[in-house]
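What the coordinates show
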Amino acid sequence: MTEREAARTLAHPEAAEIRLEGVLHALSDPVRLSIVRDLDASPADLACSYFDLPVTKSTTTHHFRVLRESGVVRQTYRGTTKLNALRRDDLESIFPGLLDAILTAAAAEAERVG
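These numbers were taken from a predicted model, which means no experiment stands behind them.

On to the overall build of the chain, then. Summing up its helical and strand segments, the chain has 6 helices and 3 strands in all. Reading the secondary structure of the chain in the N-to-C direction produces α-α-α-β-α-β-β-α-α. At 14 Å, the chain has a C-alpha radius of gyration in line with the 13 Å of a compact globule built from 114 residues. In the chain, which comprises 114 residues, the proportion classed as buried is 33%. Sequence separation of 24 or more characterises 65% of the internal contacts of the chain that already satisfy a separation of 6 or more. Looking at the chain as shown, the accessible area adds up to about 7200 Å², and 52% of this sits on carbon and sulfur atoms.

Encoded structure:
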């Protein structure tokens, strides 16, 4: 790995380092939960610029960092674009059914609240 590639590599927790309290904290914020819902609905990785969030760019960066550092998403660079992918397989193996339960509850709440 070159020095340039190393500078473009983002730190992610290994699956064994992902903690329930970190995942629940990351998903407790409505903006972060909406990001995860969009990622779950997409068959492809999504660029940060895909998301139309009601927050500033710096706050958007913070939300993605929280999701990445908690182990909910994996971020990779493709050129200058940062792509986001839901770490569904890792989360399912560590906390079976948790992500589906949260996403189902979020969809039900969105429909109920409107």
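And the narrative resumes.
What follows concerns the pattern of salt bridges. Applying the stated criterion to the full structure yields 5 salt bridges. Its salt-bridge partner being Glu69, residue Arg65 comes within 3.4 Å of it at the nearest N-O pair. Of this pair, Arg65 and Glu69 are both found in helix 4 (residues 57-70), 4 residues apart, which corresponds to roughly one turn of the helix. Here Glu69 falls in the partly exposed class, since its relative accessible area comes to 46%. Arg112 is the partner of Glu109 in a salt bridge, and the nearest nitrogen-oxygen pair spans 3.7 Å. With Glu109 and Arg112 both in helix 6 (residues 98-113), this residue pair falls 3 residues apart, about one helical turn.

The rules behind these values
- Throughout, residues of each chain are indexed from 1 in the direction in which the sequence is written.
- In keeping with the predicted nature of the model, local features appear solely for residues at pLDDT of at least 70, side-chain atom pairs appear and are counted solely at 80 or more, and the whole-chain, interface and lining totals rest on all residues.
- As a rule here, side-chain values cover all heavy atoms of the structure and leave hydrogens and water aside.
- Secondary structure counts use DSSP, requiring at least four H or I residues in a row for a helix and at least two E residues in a row for a strand, with both numbered from the N terminus.
- Here the globule rule is a power law, 2.2 Å times the number of residues to the power 0.38, and the radius of gyration is based on C-alpha atoms.
- Residue burial is assigned from relative accessible area. The probe radius is 1.4 Å, only protein chains are included, and a residue is buried under 20% of its type maximum, exposed over 50%, and partly exposed in between.
- The contact criterion used throughout is that any non-hydrogen atoms of two residues lie within 4.5 Å.
- In this description, accessible areas are obtained by the Shrake-Rupley approach with a 1.4 Å probe, and a residue is regarded as covered only by the protein chains that are shown.
- Salt bridge, as used here, is a side-chain nitrogen of Lys or Arg placed within 4 Å of a carboxyl oxygen of Asp or Glu.

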